[in-house]
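For reference, the chains in residue letters:
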Amino acid sequence: MRYSLCRMGKVLPLKIPLLVFLVTIFLHCGGGKGYKKPLWLDRGVSPPYYVAQSTLQPDRKEALNEAFYGALREFYIRELGIILDSDTRLRKQEVGDEVIVEYESSIQARTFIGDVKVRSKKEYLEQEKGRYRGYVCILIPQEEMIRARQSVKKYLDEALESAEKEIQKAELLEENSYTEALLGYKTAAIILEDLIDPIARALKKKVDARIQALKRFEDPGIQLMELQSTASYFEQAELIRLNREESSNFVDIGDTLQLHFSVKKPVYLYILSYWREQKEIRLLYPNWLEEEENLISGKSVFPKRSGFVAAPPGGLNLLFVIATKMRIDLDEKSMVLSRENLEDFLKSLRDIEKYEIRKLEVFIRE
(Lines give C-alpha, C1' and ligand atoms only; values in the text may rest on other atoms or scores of the structure.)
Protein backbone atom coordinates (compact mmCIF):
# COMPACT_ATOMS: atom_id res chain seq x y z
CA MET A 1 0.00 0.00 0.00
CA ARG A 2 1.32 3.46 -0.94
CA TYR A 3 1.07 6.56 1.25
CA SER A 4 1.94 10.18 0.47
CA LEU A 5 3.11 13.33 2.27
CA CYS A 6 1.73 16.72 1.19
CA ARG A 7 3.91 19.83 1.24
CA MET A 8 3.52 23.10 -0.64
CA GLY A 9 0.83 21.55 -2.77
CA LYS A 10 3.07 18.70 -3.92
CA VAL A 11 2.64 15.03 -3.30
CA LEU A 12 5.78 13.14 -2.21
CA PRO A 13 5.33 9.38 -2.45
CA LEU A 14 7.21 7.42 0.21
CA LYS A 15 7.17 3.81 1.24
CA ILE A 16 6.92 3.28 5.02
CA PRO A 17 9.39 0.31 5.01
CA LEU A 18 12.07 2.54 3.43
CA LEU A 19 11.55 5.25 6.09
CA VAL A 20 11.93 2.70 8.89
CA PHE A 21 15.08 1.33 7.27
CA LEU A 22 16.68 4.78 7.01
CA VAL A 23 15.89 5.63 10.66
CA THR A 24 17.33 2.30 11.75
CA ILE A 25 20.56 2.93 9.84
CA PHE A 26 20.87 6.39 11.41
CA LEU A 27 20.43 5.10 14.97
CA HIS A 28 22.90 2.23 14.61
CA CYS A 29 25.66 3.83 12.59
CA GLY A 30 25.47 7.47 13.52
CA GLY A 31 27.14 7.06 16.91
CA GLY A 32 24.13 8.51 18.71
CA LYS A 33 22.47 7.42 21.93
CA GLY A 34 20.43 4.84 20.11
CA TYR A 35 23.50 2.66 19.44
CA LYS A 36 23.01 -0.58 21.38
CA LYS A 37 25.88 -2.20 23.25
CA PRO A 38 26.70 -5.82 22.37
CA LEU A 39 25.21 -8.49 24.64
CA TRP A 40 28.62 -9.53 26.03
CA LEU A 41 29.10 -6.00 27.35
CA ASP A 42 25.51 -5.24 28.34
CA ARG A 43 24.88 -8.45 30.27
CA GLY A 44 28.43 -9.29 31.40
CA VAL A 45 30.40 -12.50 30.90
CA SER A 46 31.97 -15.28 32.91
CA PRO A 47 34.97 -17.56 32.24
CA PRO A 48 36.20 -18.58 29.73
CA TYR A 49 35.32 -15.05 28.55
CA TYR A 50 37.08 -11.98 29.98
CA VAL A 51 36.14 -8.33 29.39
CA ALA A 52 37.86 -5.00 30.06
CA GLN A 53 37.52 -1.37 29.03
CA SER A 54 40.11 1.28 28.28
CA THR A 55 40.46 4.84 29.46
CA LEU A 56 39.58 7.57 26.97
CA GLN A 57 42.19 7.58 24.21
CA PRO A 58 42.74 9.90 21.22
CA ASP A 59 43.15 6.93 18.89
CA ARG A 60 40.83 3.98 18.19
CA LYS A 61 43.68 1.47 18.01
CA GLU A 62 45.19 2.63 21.31
CA ALA A 63 41.82 2.33 23.04
CA LEU A 64 41.23 -1.21 21.79
CA ASN A 65 44.80 -2.26 22.56
CA GLU A 66 44.54 -1.00 26.16
CA ALA A 67 41.23 -2.82 26.60
CA PHE A 68 42.70 -6.04 25.19
CA TYR A 69 45.58 -6.04 27.70
CA GLY A 70 43.10 -5.21 30.45
CA ALA A 71 41.10 -8.33 29.62
CA LEU A 72 44.31 -10.35 29.53
CA ARG A 73 45.34 -9.01 32.95
CA GLU A 74 41.94 -10.07 34.28
CA PHE A 75 42.62 -13.59 33.05
CA TYR A 76 46.10 -13.72 34.58
CA ILE A 77 45.06 -12.55 38.02
CA ARG A 78 41.82 -14.59 38.21
CA GLU A 79 43.05 -17.84 36.73
CA LEU A 80 46.84 -17.84 37.14
CA GLY A 81 47.39 -15.73 40.26
CA ILE A 82 49.85 -13.32 38.63
CA ILE A 83 49.65 -9.52 38.68
CA LEU A 84 50.84 -7.95 35.43
CA ASP A 85 52.49 -4.63 36.18
CA SER A 86 54.70 -2.09 34.45
CA ASP A 87 57.74 -4.34 34.73
CA THR A 88 56.04 -7.09 32.79
CA ARG A 89 56.80 -7.63 29.14
CA LEU A 90 53.88 -8.73 27.01
CA ARG A 91 54.22 -9.70 23.40
CA LYS A 92 51.34 -10.51 21.07
CA GLN A 93 51.03 -11.88 17.56
CA GLU A 94 47.72 -11.83 15.73
CA VAL A 95 46.81 -14.52 13.22
CA GLY A 96 43.25 -13.95 12.06
CA ASP A 97 40.95 -14.10 15.06
CA GLU A 98 43.57 -15.93 17.13
CA VAL A 99 46.01 -13.89 19.24
CA ILE A 100 49.11 -15.51 20.78
CA VAL A 101 50.34 -13.64 23.86
CA GLU A 102 53.65 -14.26 25.63
CA TYR A 103 54.38 -13.07 29.15
CA GLU A 104 58.05 -12.60 30.06
CA SER A 105 58.90 -12.64 33.74
CA SER A 106 61.03 -9.69 34.76
CA ILE A 107 63.21 -11.86 37.01
CA GLN A 108 63.97 -14.70 34.62
CA ALA A 109 66.35 -13.87 31.81
CA ARG A 110 64.75 -15.92 29.05
CA THR A 111 61.81 -17.67 30.68
CA PHE A 112 58.43 -17.10 29.10
CA ILE A 113 55.28 -18.23 30.83
CA GLY A 114 51.68 -18.24 29.76
CA ASP A 115 52.05 -18.17 25.99
CA VAL A 116 48.27 -18.05 25.92
CA LYS A 117 46.31 -18.43 22.71
CA VAL A 118 43.28 -16.15 22.68
CA ARG A 119 40.87 -17.93 20.35
CA SER A 120 38.55 -15.01 19.63
CA LYS A 121 38.39 -11.31 20.29
CA LYS A 122 35.33 -9.05 20.11
CA GLU A 123 35.63 -5.28 20.10
CA TYR A 124 33.37 -2.31 20.73
CA LEU A 125 34.10 1.42 20.65
CA GLU A 126 32.36 4.44 22.16
CA GLN A 127 33.17 8.01 21.19
CA GLU A 128 33.14 10.84 23.71
CA LYS A 129 34.24 14.41 22.93
CA GLY A 130 36.49 13.32 20.08
CA ARG A 131 38.13 10.54 22.11
CA TYR A 132 37.54 6.80 22.22
CA ARG A 133 36.81 4.25 24.92
CA GLY A 134 37.44 0.68 23.87
CA TYR A 135 35.86 -2.53 25.14
CA VAL A 136 37.27 -5.97 24.36
CA CYS A 137 35.99 -9.47 25.10
CA ILE A 138 38.42 -12.38 24.76
CA LEU A 139 37.87 -16.14 24.84
CA ILE A 140 40.54 -18.40 26.37
CA PRO A 141 39.57 -22.07 26.07
CA GLN A 142 39.90 -24.53 28.95
CA GLU A 143 42.84 -26.38 27.39
CA GLU A 144 44.79 -23.12 27.11
CA MET A 145 44.07 -22.30 30.75
CA ILE A 146 45.36 -25.72 31.87
CA ARG A 147 48.54 -25.35 29.81
CA ALA A 148 49.15 -21.84 31.15
CA ARG A 149 48.65 -23.03 34.74
CA GLN A 150 51.29 -25.71 34.25
CA SER A 151 53.76 -23.10 32.99
CA VAL A 152 52.94 -20.77 35.87
CA LYS A 153 53.44 -23.57 38.42
CA LYS A 154 56.96 -24.13 37.13
CA TYR A 155 57.66 -20.38 37.14
CA LEU A 156 56.25 -19.97 40.66
CA ASP A 157 58.47 -22.75 42.02
CA GLU A 158 61.54 -21.14 40.45
CA ALA A 159 60.62 -17.68 41.73
CA LEU A 160 60.05 -18.89 45.28
CA GLU A 161 63.36 -20.77 45.24
CA SER A 162 65.19 -17.65 44.02
CA ALA A 163 63.53 -15.47 46.66
CA GLU A 164 64.30 -17.88 49.48
CA LYS A 165 67.99 -17.99 48.45
CA GLU A 166 68.17 -14.19 48.51
CA ILE A 167 66.52 -14.11 51.96
CA GLN A 168 68.97 -16.67 53.34
CA LYS A 169 71.95 -14.69 51.99
CA ALA A 170 70.55 -11.46 53.41
CA GLU A 171 70.10 -13.01 56.85
CA LEU A 172 73.77 -14.04 56.90
CA LEU A 173 74.89 -10.61 55.66
CA GLU A 174 73.13 -8.76 58.48
CA GLU A 175 76.04 -9.65 60.76
CA ASN A 176 78.61 -7.86 58.55
CA SER A 177 76.93 -5.39 56.21
CA TYR A 178 73.53 -3.77 56.77
CA THR A 179 73.71 -2.18 53.32
CA GLU A 180 74.35 -5.48 51.54
CA ALA A 181 71.67 -7.21 53.59
CA LEU A 182 69.17 -4.51 52.67
CA LEU A 183 69.92 -5.00 48.98
CA GLY A 184 69.45 -8.75 49.39
CA TYR A 185 66.02 -8.29 50.96
CA LYS A 186 65.05 -5.77 48.28
CA THR A 187 66.10 -8.27 45.60
CA ALA A 188 63.78 -10.85 47.17
CA ALA A 189 60.99 -8.25 47.31
CA ILE A 190 61.30 -7.61 43.57
CA ILE A 191 61.09 -11.33 42.83
CA LEU A 192 57.96 -11.71 44.97
CA GLU A 193 56.29 -8.47 43.89
CA ASP A 194 54.01 -9.79 41.12
CA LEU A 195 53.00 -13.04 42.84
CA ILE A 196 49.76 -13.45 44.79
CA ASP A 197 50.44 -17.05 45.84
CA PRO A 198 49.89 -17.41 49.64
CA ILE A 199 53.46 -18.62 50.24
CA ALA A 200 54.85 -15.73 48.20
CA ARG A 201 52.67 -13.21 50.09
CA ALA A 202 53.88 -14.57 53.44
CA LEU A 203 57.51 -14.32 52.32
CA LYS A 204 56.91 -10.78 51.06
CA LYS A 205 55.62 -9.71 54.49
CA LYS A 206 58.72 -11.17 56.13
CA VAL A 207 60.98 -9.39 53.66
CA ASP A 208 59.20 -6.04 54.08
CA ALA A 209 59.56 -6.31 57.87
CA ARG A 210 63.32 -6.90 57.60
CA ILE A 211 63.69 -3.99 55.17
CA GLN A 212 61.96 -1.64 57.59
CA ALA A 213 64.07 -2.92 60.49
CA LEU A 214 67.36 -2.37 58.64
CA LYS A 215 66.40 1.17 57.66
CA ARG A 216 66.62 2.17 61.32
CA PHE A 217 70.36 1.52 61.52
CA GLU A 218 72.72 4.53 61.29
CA ASP A 219 74.52 3.24 58.21
CA PRO A 220 75.50 5.92 55.63
CA GLY A 221 74.90 3.47 52.79
CA ILE A 222 71.32 2.96 53.94
CA GLN A 223 70.94 6.70 54.50
CA LEU A 224 71.95 7.23 50.86
CA MET A 225 69.34 4.68 49.73
CA GLU A 226 66.64 6.45 51.75
CA LEU A 227 67.64 10.00 50.79
CA GLN A 228 64.71 12.08 49.47
CA SER A 229 64.87 14.97 46.98
CA THR A 230 64.27 18.54 48.13
CA ALA A 231 64.23 20.11 44.64
CA SER A 232 63.44 19.26 41.02
CA TYR A 233 66.21 19.63 38.43
CA PHE A 234 65.99 16.55 36.18
CA GLU A 235 63.75 16.22 33.17
CA GLN A 236 65.07 12.75 32.46
CA ALA A 237 67.47 10.26 34.05
CA GLU A 238 67.36 6.71 32.77
CA LEU A 239 69.58 3.82 31.76
CA ILE A 240 69.62 2.83 28.10
CA ARG A 241 70.56 -0.72 27.14
CA LEU A 242 72.82 -0.01 24.17
CA ASN A 243 72.82 -3.43 22.56
CA ARG A 244 68.99 -3.30 22.39
CA GLU A 245 68.57 0.49 22.20
CA GLU A 246 65.89 0.58 24.89
CA SER A 247 65.57 1.79 28.45
CA SER A 248 65.46 -0.98 30.99
CA ASN A 249 66.17 -1.62 34.66
CA PHE A 250 66.17 -5.39 34.11
CA VAL A 251 69.35 -6.48 32.32
CA ASP A 252 71.32 -9.62 31.56
CA ILE A 253 74.97 -10.18 32.39
CA GLY A 254 77.04 -8.67 29.58
CA ASP A 255 74.54 -5.95 28.65
CA THR A 256 76.09 -2.53 28.14
CA LEU A 257 74.30 0.45 29.68
CA GLN A 258 74.60 4.19 29.37
CA LEU A 259 73.02 6.88 31.52
CA HIS A 260 70.95 9.42 29.57
CA PHE A 261 69.81 12.54 31.37
CA SER A 262 68.62 16.09 30.82
CA VAL A 263 68.29 18.96 33.31
CA LYS A 264 66.06 22.01 33.46
CA LYS A 265 68.87 24.40 34.47
CA PRO A 266 72.66 24.24 34.98
CA VAL A 267 73.49 22.03 37.99
CA TYR A 268 76.40 20.11 39.45
CA LEU A 269 76.13 16.40 38.78
CA TYR A 270 77.26 13.51 41.01
CA ILE A 271 76.91 9.83 40.14
CA LEU A 272 77.44 7.20 42.83
CA SER A 273 76.95 3.45 42.68
CA TYR A 274 76.88 0.55 45.08
CA TRP A 275 79.15 -2.28 43.98
CA ARG A 276 77.79 -5.48 45.45
CA GLU A 277 80.84 -7.63 44.80
CA GLN A 278 83.20 -5.25 46.64
CA LYS A 279 80.50 -3.94 49.03
CA GLU A 280 81.58 -0.36 48.26
CA ILE A 281 80.00 2.98 47.47
CA ARG A 282 81.89 4.39 44.47
CA LEU A 283 82.04 7.87 43.03
CA LEU A 284 81.65 7.45 39.27
CA TYR A 285 81.35 11.14 38.44
CA PRO A 286 83.08 13.56 38.77
CA ASN A 287 86.44 11.83 38.55
CA TRP A 288 89.98 12.70 37.57
CA LEU A 289 89.60 10.93 34.20
CA GLU A 290 86.90 13.34 33.02
CA GLU A 291 88.24 16.53 31.46
CA GLU A 292 85.06 18.55 31.89
CA GLU A 293 83.79 20.20 35.05
CA ASN A 294 80.72 18.53 36.56
CA LEU A 295 78.59 21.64 35.97
CA ILE A 296 76.19 20.42 33.29
CA SER A 297 73.21 21.76 31.34
CA GLY A 298 70.75 20.45 28.77
CA LYS A 299 71.06 16.85 27.61
CA SER A 300 74.03 14.57 28.14
CA VAL A 301 75.12 10.95 28.55
CA PHE A 302 77.52 9.13 30.85
CA PRO A 303 79.96 7.64 30.14
CA LYS A 304 80.34 9.47 26.85
CA ARG A 305 82.79 7.12 25.12
CA SER A 306 81.89 3.80 26.70
CA GLY A 307 79.27 2.23 28.97
CA PHE A 308 78.55 0.24 32.09
CA VAL A 309 78.74 -3.52 31.59
CA ALA A 310 76.41 -5.61 33.75
CA ALA A 311 78.55 -8.12 35.66
CA PRO A 312 77.98 -10.72 38.39
CA PRO A 313 76.74 -11.08 41.03
CA GLY A 314 73.13 -10.98 39.97
CA GLY A 315 70.41 -9.22 41.90
CA LEU A 316 69.59 -5.62 42.68
CA ASN A 317 72.21 -2.94 42.10
CA LEU A 318 71.84 0.78 42.71
CA LEU A 319 72.91 3.88 40.83
CA PHE A 320 72.46 7.30 42.47
CA VAL A 321 72.24 10.37 40.21
CA ILE A 322 72.33 13.61 42.21
CA ALA A 323 71.98 17.22 41.03
CA THR A 324 72.79 20.27 43.21
CA LYS A 325 72.89 24.04 42.71
CA MET A 326 76.17 24.31 44.63
CA ARG A 327 79.40 22.40 44.18
CA ILE A 328 80.43 19.81 46.79
CA ASP A 329 84.17 19.33 47.32
CA LEU A 330 85.20 15.69 46.91
CA ASP A 331 88.45 13.82 46.47
CA GLU A 332 87.90 12.95 42.82
CA LYS A 333 91.03 10.77 42.71
CA SER A 334 89.50 8.37 45.21
CA MET A 335 86.67 6.53 43.50
CA VAL A 336 85.83 4.47 46.59
CA LEU A 337 84.01 6.47 49.26
CA SER A 338 84.89 5.44 52.79
CA ARG A 339 82.25 5.56 55.52
CA GLU A 340 83.62 8.94 56.64
CA ASN A 341 83.69 10.36 53.09
CA LEU A 342 80.12 9.25 52.45
CA GLU A 343 78.96 10.75 55.76
CA ASP A 344 80.66 14.06 54.78
CA PHE A 345 78.96 13.96 51.36
CA LEU A 346 75.54 13.41 52.92
CA LYS A 347 76.16 16.20 55.41
CA SER A 348 77.09 18.56 52.56
CA LEU A 349 73.85 17.69 50.77
CA ARG A 350 71.84 18.50 53.87
CA ASP A 351 73.72 21.78 54.29
CA ILE A 352 73.01 22.77 50.68
CA GLU A 353 69.33 21.93 51.29
CA LYS A 354 68.38 22.03 47.59
CA TYR A 355 69.16 18.85 45.64
CA GLU A 356 67.48 16.13 43.60
CA ILE A 357 68.37 12.46 43.72
CA ARG A 358 67.30 9.81 41.22
CA LYS A 359 67.80 6.22 42.42
CA LEU A 360 68.05 3.87 39.48
CA GLU A 361 67.54 0.24 40.45
CA VAL A 362 69.29 -2.19 38.12
CA PHE A 363 68.27 -5.83 38.43
CA ILE A 364 70.95 -8.05 36.91
CA ARG A 365 69.58 -11.42 35.83
CA GLU A 366 71.89 -14.43 35.89
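Look up: the structure comes first, before these words.
## Side note on the overall build of the protein chain
- When its secondary structure is counted, the protein chain shows 8 helices and 20 strands.
- Within the protein chain, counting contacts between residues at least 6 apart in sequence, those at least 24 apart form 69% of the total.
- Summed over all atoms, the accessible surface of the protein chain reaches about 20,700 Å², with 51% contributed by carbon and sulfur.

## Quick notes on unusual backbone geometry
- Between P47 and the following residue, P48, the backbone shows a cis peptide bond with an omega angle of 15°.
- Mapped onto the elements of the fold, P48 is located in the loop between α2 (39-42) and β3 (49-53).
- In this structure, the amide linkage connecting F302 to the following residue, P303, adopts the cis form with an omega of -10°.
- Relative to the assigned elements, P303 resides in the loop between β16 (299-302) and β17 (308-309).
- Its identity is not glycine, yet K129 carries a phi of approximately 55°, on the positive side.
- Along the chain, K129 falls in the loop between β7 (120-128) and β8 (131-139).
- Among the residues examined, K129 registers a relative accessible area of 81% and is labelled exposed.

## Observations regarding the side chain of E180
- The topology assignment puts E180 in helix α5 (residues 178-192).
- The exposure class of E180 is buried, given its relative accessible area of 5%.
- Within the local environment of E180, its side chain forms a polar contact with the side chain of Y274, the two groups lying 2.9 Å apart.

## What to know about the nonpolar core
- One finds I138, L224 and L272 to be the most contacted residues of the largest nonpolar core, which totals 70 residues.
- In contact with L272, not counting residues within four places along its chain, are L224, I281, R282, L283, L318, L319, F320, I322, L337, L342 and F345.
- Within the second largest apolar cluster, 24 residues are counted, among which are F261, I271, V321 and A323.

## Some words on a nonpolar patch on the surface
- A cluster of nonpolar side chains, I77, I83 and I196, forms an exposed patch at the surface whose accessible area comes to about 200 Å².
- Within the fold, I83 resides in the loop between α3 (60-80) and β4 (89-95).

## Side note on the pattern of salt bridges
- A complete count under the given rule lists 20 salt bridges for this structure.
- Between D208 and K204 there is a salt bridge; the shortest N-O distance is 3.1 Å. Separated by 4 residues within a single helix, D208 and K204 lie in helix α6 (residues 198-214), roughly one turn from each other.
- The exposure class of D208 is partly exposed, given its relative accessible area of 29%.

## Concerning the packing of α5 against α6
- Between α5 and α6, the least distance of the axes is 9 Å, while the angle of their chain directions is 155°. Accordingly, the angle class assigned to the pair α5 and α6 is roughly antiparallel. Judged by the twist between their axes, the crossing of α5 over α6 is left-handed. Seen from α5, the contacting residues are Y178, A181, L182, Y185, K186, A188, A189 and L192; seen from α6, they are A200, R201, L203, K204, V207, R210, I211 and L214.
- For the contact of α5 with α6, the residue count by class is 12 nonpolar, no polar and 4 charged.

## What to know about the sheet that holds β3
- The strand order β3-β8-β7 describes an open sheet built from 3 strands, whose pairing is antiparallel. For this open sheet the edge positions go to β3 and β7, each flanked by a neighbour on one side alone. Neighbour to neighbour, the strand axes of the sheet diverge by 15° on average, direction disregarded.
- Note: β3 against β8, 5 bridges, orientation antiparallel. Each bridged residue has a counterpart across the sheet, and for Y49 the counterpart in β8 is L139.
- Packed onto the sheet, α3 meets β3, β7 and β8 and runs at close to 40° relative to β8.

## What about the packing of α3 against helix α4 (residues 142-173)?
- Two elements in contact, α3 and α4, have axes whose closest approach is 11 Å; the angle formed by their N-to-C orientations is 70°. Comparing the axis directions of α3 and α4 gives the class roughly perpendicular. Only M145, A148, R149 and V152 of α4 make contact with α3, whose side of the interface consists of F75, E79 and L80.
- A per-class count over the contact of α3 with α4 returns 5 nonpolar, no polar and 2 charged.

## Concerning the environment of P47
- Structurally, P47 is set in the loop between α2 and β3.
- Separated by 28 residues in the primary sequence, P47 and F75 have C-alpha atoms spaced 8.7 Å apart.
- Filtering out sequence-adjacent residues up to four positions away, P47 remains in contact with R78 and E79.

Rules of the game
- Residues numbered from 1 in each chain as written.
- Predicted model: local features only at pLDDT ≥ 70, side-chain atom pairs only at ≥ 80, totals over all residues.
- Heavy atoms only, no water.
- Helix = DSSP H or I, 4+ residues; strand = E, 2+ residues; numbered from the N terminus.
- Contact = heavy atoms within 4.5 Å.
- Areas by Shrake-Rupley, 256 points an atom, 1.4 Å probe, with all protein chains shown as cover.
- Buried < 20%, exposed > 50% of the residue type's maximum accessible area, 1.4 Å probe, protein only.
- Polar contact = N/O pair within 3.5 Å; in protein donor to acceptor, adjacent residues only side chain to side chain.
- Core = buried A, V, L, I, M, F, W, Y, C linked by side-chain atoms within 4.5 Å.
- Patch = residues over 30% accessible without salt bridge, like charges linked within 9 Å, V, L, I, M, F, W, Y side chains within 5 Å.
- Salt bridge = Lys/Arg side-chain N within 4 Å of Asp/Glu carboxyl O.
- Axes fitted to C-alpha atoms, helices over the stretch in contact; angles between N-to-C directions.
- Parallel < 35°, antiparallel > 145°, perpendicular 65-115°, else oblique.
- Left-handed = near helix turned anticlockwise from the far one by under 90°.
- Nonpolar A, V, L, I, M, F, W, Y, C, P; charged D, E, K, R; others polar.
- Pairing = 2+ DSSP bridges.

Note that every value here comes from positions in space, so none of it alone points to a role or purpose.
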